Structure formats: structure tokens, C-alpha cells
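Fold and contact review
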Amino acid sequence: MPRALMIQGTGSNVGKSLLVAGLCRAARNRGLSVAPFKPQNMSNNAAVTADGGEIGRAQALQALAAGLPLHTDMNPVLLKPETDVGAQVIVQGHRLTTAKAREYQRLKPQLLEKVLESFQRLKTAHDLILVEGAGSPAEVNLRAGDIANMGFARAADVPVILAGDIDRGGVIAQIVGTQSVIDAGDAAMVAGFLINRFRGDPSLFDDGYRMIEQRTGWRGYGVCPWFPDAWRLPAEDALDLSAPRRETGLHIVCLALSRIANFDDLDPLAQEPGVRLTMLGPGRAIPGDADLVILPGTKSTRGDLAFLRAQGWDVDLAAHVRRGGHVLGICGGYQMLGREVADPEGIEGPAGADPGLGLLDVSTIMTPKKRLTEVAAIHLASGVGFHGYEIHIGETGGPDRARPFAHVDAAPEGAVSADGHIVGSYLHGMFRDDGFRAAFLANLGVASSDTGYDAGVEETLDALAAHLEAHLDVDGLLAAAR
């Protein structure tokens, strides 16, 4: 019979995504057909699926660990924040609506039906479903109508393992406190706990571990040390991009926009030994030694144009260009590089238009239909073929489109300035392609490393699974599924 197990956390960013990815690979190594599932995710870093939708980037990594193509059932509800109080609601891969927090609460009953529908389809097709929670079940103020944690676990009758993050401190209170605030029915769903991200000698926590077992009555499944190679895996949160700090090399600066989206474009660049990547936060000037400035994707192009200008980055970019520096705009960043971004229907916010940065002679009009597709392209400057994906709204046109960045199905894509220093493209994921990345970096005077990016991700997933096997009772965890 197909079984399922859910990993919930004592808080956000306790390592649930990597735990599920590692367990997916461990289960696959045992010959099981395993699939990842996250009922509700909140992230602007999405992946395009084989069935023409989008899911959270973490579930894409977990699917890779499980050896499966991406499918919208793996993350049936995806919330993509557009403002501080509102988010686009993606259901089974496609936009349903844009809702504020209170409006979203009223949507949850109908969303639970879709969540359970997707879950049952996956369960029918696989031996084991490994489920990732969101946030924490201790947020009991949000328990009514919950579809992300205990609300889902009880509706689908899935046992829960609670993961605590000892690196943050107070892990005893995290786990014991969670039990004390959730109701008895929710607590009964918890099959046990594990401790994540321990640094140092795990035996030093033996007394604390026993104390948690005694206080909660829950079984412990082990203490997992910090996994040092986590940075080699695609990050779901831009703040998690943590490549080794380098003092030399091609200096690539990425502007950390307030609604940055699909920044997985940066992961392969961050791992290049000849590249020094800086994620530039608000309030910091673009360094004068930057060789390439990347304007990444964003969930709110006009909103982030205003954010960019508020940091003074428009002035810095103009100076960077005068010095002969290179600029790459991807998706929303490409739209910003043009002369105007117009949103007459108010799709991403209030209707209107804003001047762009004027670095490319193109203009963009936002349109309701979102383009979600995987593509095969040819980079015109090098003649190198590569694969990527598109995930955007808006149509861009203008004189600089006569100098396209690439061809997709023989059609021109993107735009390049007359001197070749300013490039805009809607294509995400291009740097994952080793051949294209090598050609792109060679044009900037840097030799690419010999290690293939995708091969490195696979090796790291194997290492992650081995890490969990060495420190957790993986057999016991998988046996707890039902």
C-alpha cells in the first residue's frame, strides 16, 4: 500500500526542504518509487513543470532527488508575494487570483480540496510520498482552515516528524513548546522528532535529547549535523545563496530586488571558481569594480523599478555603463532595462506606466496571459545551443529586438545593445547549461570550471542522502510512514 510521511518544522527555514530532498534520494536508493509533496508553498522562486505549470523551486529539487519529472501535483498551492500584503495564488500550476491575507483565508476551504486531490493522485502513482510542511504548526493563530501543516496532516491522515533547528538555539523549547501549544488531536499526529543543523560533537546534546523525549513522550530519530555542501544545491530563498567568499575573479553583482524571483539563475555562477558573486542588498552602492551587473527576475517589475531607484542603483548603473561595464537583465530585469513598462490593466498592481532605465531601446506592455514553457535556444553571439525556461507576463518590443540575444524555435528572443554590453532576455535557467555558461564567461574573459553543474547537484544529493543515513534513523523514519 502507498504510504506517506510529513516533515514539519518548529519554524521557517529549519531545513525541512533539504531533509525531504535527502530522504527522497535515500528512499529512491532503496528501490522505492518516491515523490515529494508540499501542500502550500510561499516563494517567488518557481520552476516550470512538464505539464505546463509552475511549482516551488524546493519541490523541483526534491523531484530531482526522487528521479521524477516535475509535476504541478507536487506543490498544488503556490503563493507568490507581489506586495507586503498580497500574493498571486497559483493552484495546481496556474494562476487562480491575487489575494490579500484575509481574502486568502476565505479561499482555503476550496484549496484544501485541490490539495487533497493532488495528494491522492501522487499517492496512487508511487510507493511513498514525502510531504514538507510550511512555517510551523505552533502558529496556532493560523490553525483554523490550515492546509499547510496539521490541517493537511489530519485531513490526509499523514504522520508527522517535527524537525527542530539547534543552530538557532533553544531547540528544547522549540519542540517542547510546540507540543504545549498545539491541541491534543494535532499532537497525536506527531510520530517523533529530529534535531537538525548541529555543529560540533552531537554527544554533547545527549542530555537535551533525552529531556525532549521525556517531556514530550515522542520518539527521537537522531541528531543531524550541519551539511556543509548545502550551498551547492539550488537555493529557494535568495538569502540562502551562500557560495564561498572570494576576493578575486570576475565580479558579478546581482541586485537583490524586493520581489526577486527565479534567482536560481545565479546558483551555477556562484559555484564557478573564477567568479566572485555579490548579492547586493538595499542601501549599498553598486561597487565600482563590478564587471557584470545582473538585474534578476521580479514578481513586480514596476514596483521593483521604484525600489531600484530608491536605492540609487539607477545612477550607479549609468556610471557602470559609462565605465564600459556589462549589464544582463533577465525576465523582469530585462523589462526594466527598456524605455517604458506599461501595465494598463493593473495586472501587477495599480494600472499605469513607468519609465524604464533606458539602457535598451525596447518597451514592455503587461498582458494577462503568463508564458510558462521550457525552451531550447541558440545563443547568437557564440552559436552555442542551450536549454532554459520562460515564466513571465508581458510582451517586449522595440528597435533593439533587431539584435536578439538568442533564437528560440528560429524566432528572435531578447535584445542586445549596439555595443553588446547590455543584454536582456526572458530566458531563465540558461547558466545551468555547461556549454552556454562556458561561452558566456569566456566572452567576459573567464574560463569556466570543468565540473558540470547538473552533475555536481546529483553528487551533492547523493552526499546529502549519505549524510542523513549516517546520522538519522532513516529506516525508522521511512517505517513511520503510513
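Our structure's up above, just so we're on the same page.
Structural notes, computed from the coordinates. In this text, all values refer to a predicted model and were calculated from it rather than measured experimentally.

Its location among the elements puts histidine 392 in strand β23 (residues 385–392). Overall, the relative accessible area of 8% leaves histidine 392 in the buried class. Each C-alpha atom, one on histidine 392 and one on tyrosine 426, is 7.6 Å from the other, the two residues being 34 residues apart in sequence. The contacts of histidine 392, once residues within four sequence positions are left out, are Cys331, Lys369, Lys370, Arg371 and Tyr426. A distance of 2.9 Å separates a polar atom in the side chain of histidine 392 from a polar atom in the side chain of glutamate 390.

What follows covers the side chain of asparagine 75. Here asparagine 75 is to be found in the loop between α2 (57–66) and β6 (77–81). Since its relative accessible area comes to 0%, asparagine 75 is described here as buried. A distance of 3.1 Å separates a polar side-chain atom of asparagine 75 from the backbone oxygen of lysine 38. A distance of 2.9 Å separates a polar atom in the side chain of asparagine 75 from the backbone nitrogen of glycine 56. When sequence neighbours within four positions are dropped, the list of residues in contact with asparagine 75 reads Lys38, Pro39, Gln40, Asn41, Ile55, Gly56 and Gln59.

A word on the packing of aromatic side chains. Enumeration over the complete set of coordinates arrives at 13 aromatic pairs. Between phenylalanine 37 and phenylalanine 119, the aromatic rings sit 5.4 Å apart at their centres with planes inclined by 55°, giving tilted as the arrangement. Linking phenylalanine 37 in strand β2 (residues 34–37) with phenylalanine 119 in helix α3 (residues 101–125), this pair joins segments that are 82 residues apart in sequence. There is no split in this pair, since phenylalanine 37 and phenylalanine 119 are both buried.

A few words on the packing of helix α1 (residues 16–29) against helix α13 (residues 453–471). Between two packed helices, what matters for the description is the angle formed by their axes and the separation of those axes. Direction vectors running N to C along α1 and α13 enclose 90°, while the axes themselves pass 8 Å from each other. For the element pair α1 / α13, the angle class is roughly perpendicular. Between α1 and α13, the contacting residues are Leu18, Leu19, Ala21, Gly22, Leu23, Arg25, Ala26 and Asn29 on the first element and Glu458, Leu461, Asp462, Leu464, Ala465, Leu468 and Glu469 on the second. For the contact of α1 with α13, the class distribution of residues is nine nonpolar, two polar and four charged.

This next bit is on the nonpolar core. One finds Leu255, Ile294 and Leu295 to be the most contacted residues of the largest nonpolar core, which totals 56 residues. Per-element accounting of this core gives the leading share, five residues, to strand β13 (residues 250–255). In this structure, Ala47, Val77, Phe119 and Ile147 belong to the second largest nonpolar core, which totals 47 residues.

Side chains Ile422 and Gly424 of strand β28 (residues 422–425) all project onto a buried face; the interleaved residues Val423 and Ser425 project onto the opposite face, where all are buried too. Looking at chain direction, strand β18 (residues 326–330) and β28 are connected through four bridges and run parallel. Within β28, the residue paired with leucine 328 across the bridge is valine 423. Judged from the two bridges that link them, strand β27 (residues 415–416) and β28 form a sheet pairing that is antiparallel. Residue valine 416 lies in a different strand from β28, and its bridge partner there is valine 423. Following β27, the chain reverses through five residues before pairing antiparallel with β28; glycine 420 in that reversal takes a positive phi of roughly 80°.

Thresholds applied
- Residue numbers restart at each chain and count upward from 1, following the sequence in its written direction.
- Only residues with pLDDT of at least 70 get local features here, since the model is predicted, and only at 80 or more are side-chain atom pairs given and counted; chain-wide, interface and lining totals rely on the full set of residues.
- Hydrogens and waters are ignored; side-chain quantities use all the structure's heavy atoms.
- Helix and strand definitions follow DSSP, with helices as H or I runs of at least four residues and strands as E runs of at least two, each counted in order from the N terminus.
- For each residue, the accessible area found with a 1.4 Å probe, counting protein chains only, is set against the maximum for its type, and the residue is called buried under 20%, exposed over 50%, and partly exposed in between.
- Any two residues having at least one pair of non-hydrogen atoms within 4.5 Å are treated as being in contact.
- Any pair of nitrogen or oxygen atoms within 3.5 Å is treated as a polar contact; in protein, a donor-acceptor pairing is required on top of that, and neighbouring residues in sequence qualify only through side-chain atoms on both sides.
- Pairing of aromatic side chains here covers Phe, Tyr and the six-membered ring of Trp, requires ring centres within 6.5 Å, and sorts the geometry by plane angle: under 30 degrees stacked, over 60 edge-to-face, intermediate tilted.
- What counts as an axis is a line fitted to C-alpha atoms, over the stretch in contact for a helix, and the angles between N-to-C directions run from 0 to 180 degrees.
- Comment on the angle field: the value is read as roughly parallel under 35 degrees, roughly antiparallel over 145, roughly perpendicular from 65 to 115, and oblique elsewhere.
- Three residue categories are used. Nonpolar comprises Ala, Val, Leu, Ile, Met, Phe, Trp, Tyr, Cys and Pro, charged comprises Asp, Glu, Lys and Arg, and polar comprises the others, including Gly.
- Remark: nonpolar core denotes a set of buried residues (Ala, Val, Leu, Ile, Met, Phe, Trp, Tyr, Cys) joined through side-chain atoms within 4.5 Å.
- Pairing between two strands is assigned when DSSP locates at least 2 bridges connecting them.

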